Amino acid sequence: MAFRGGKRKDVKKQSYYLWFLGAKESKGLRGEEYIRPVLRHLVDKERELEPMKVTLQVSTKGIKIIQNVPRKNNKGKTEQIKHFIPHHAITCVMQESKPNDDVVCCILLIYNPLTKCPVHVHAYRCDSVETASTLRSQLQILIDRPENQKKFREIENRLAAKGLLPSRCLNSDGRSTRTDGSDRTEDSSGGMYTLLFTKLNRLT
C-alpha cells in the first residue's frame, strides 16, 4: 500500500513508504535549479548503495520522517527515529521527469547539526509515479499557504539585498528562475547560510 489517511483541513493525513535517497546542502532557498544538481548526485549514489526505507507522514502540520534503525548493542532489534519538519520549513517541491518521475525532492529550511547547514535538499523515491504525484501535490499545498509564501519572499528579499542570491523572478506558484545565469560562489553560500541560521533562531 502506497499511502493511507483521512482528511484534516486542507491536507489529507497520509503515510508514504519510500526510499530515502539522501540529503545534501542546498545553494538556495527555493527553485528547481538548486535541486537538480543535488538530485543528480543522489541518483548516482543510489546506484552504488541501496537507499534506506523510511515512512513519510504528511499532515496539515508538516512532515514526520520515521526510520527504523538497529539498536546499539542489541542484535536483531530496531528502534524508531522520528524527525518532524513543520509546514513553514518546506520551501520548494519538485517531481522529477522521466526516467526518474517516481522521485520527489524538496528543499527544507531546517538546521542539520551534522552538516551545520540550515537548508537542505531531500530526495525520495516512491513506489509509483502516481504516489510521487500525490506526495508532490500535498507538499505543494503546504508550500502555497499565503503566510509561508510571504515568509519565503521576505527571506529571499533579504538575501538578494545582501547580494547572496542572483537576480531572480518568481513565477505565480512561488518558484524562482535565474535571470543572470551566474554560478553561486562558496562565499555567497556561506553568507546565505549565516542569514538563514539567524532566521531559524528567531522562529524557534
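What you are looking at is a predicted structure, and each value in this text was computed from that prediction instead of being measured. (Residues numbered from 1 in each chain as written. Predicted model: local features only at pLDDT ≥ 70, side-chain atom pairs only at ≥ 80, totals over all residues. Heavy atoms only, no water.)

What follows concerns the environment of Val-129. As for its placement among the helices and strands, Val-129 is situated in helix H2 (residues 129–143). The exposure class of Val-129 is partly exposed, given its relative accessible area of 33%. It is 9.6 Å that separates the C-alpha atoms of Val-129 and Lys-98, two residues lying 31 residues apart in sequence. If sequence neighbours within four positions are ignored, Val-129 has contacts with Gln-95, Asp-101 and Asp-102. (Helix = DSSP H or I, 4+ residues; strand = E, 2+ residues; numbered from the N terminus. Buried < 20%, exposed > 50% of the residue type's maximum accessible area, 1.4 Å probe, protein only. Contact = heavy atoms within 4.5 Å.)

The next point concerns helix H1 (residues 32–48). With 17 residues, H1 extends 25 Å from end C-alpha to end C-alpha; this agrees with the ideal 24 Å at 1.5 Å per step. Among the residues making up H1, those that are buried are Tyr-34, Ile-35, Val-38, Leu-39, Leu-42 and Val-43. (Expected span 1.5 Å × (residues − 1).)

This part is about the confidence of the model for the protein chain. Reading fine detail from the predicted coordinates is not recommended where pLDDT is low. When pLDDT is averaged along the protein chain, the result is 82; 75% of the residues meet or exceed 70. Under a pLDDT of 50 for its full length, residues 1–8 has, in the predicted model, 22 contacts with residues more than four places off or in other chains. Every residue in residues 172–188 is under pLDDT 50, and counting partners more than four places away or in other chains gives 45 contacts. (pLDDT = per-residue confidence, 0-100.)

Centre-to-centre distance and the angle between the planes together describe a pair of aromatic rings. Scanning the entire structure with this criterion turns up 1 aromatic pair. Centre to centre, the rings of Phe-20 and Tyr-124 are 5.2 Å apart; their planes meet at 35°, and the pair counts as tilted. Taken together, the residues span a long stretch of sequence, with Phe-20 in strand E2 (residues 11–25) and Tyr-124 in strand E8 (residues 120–125) at a distance of 104 residues. Like Tyr-124, Phe-20 is buried. (Phe/Tyr/Trp six-rings, centres within 6.5 Å; stacked < 30°, edge-to-face > 60°.)

Turning next to the pattern of salt bridges. Here the idea is simple: oppositely charged side chains can pair when their charged atoms come close. Taken as a whole and judged by the stated rule, the model has 6 salt bridges. Among the ionic pairs, Arg-36 bridges to Glu-32, the shortest N-O distance being 3.3 Å. Residue Arg-36 and its partner Glu-32 are both found in helix H1; the two are separated by 4 residues, about one turn of the helix. For Arg-36, a relative accessible area of 30% translates into the label partly exposed. Each of the salt bridges in this network shares a partner with another, and the network as a whole consists of Glu-32, Arg-36 and Glu-96. (Salt bridge = Lys/Arg side-chain N within 4 Å of Asp/Glu carboxyl O.)

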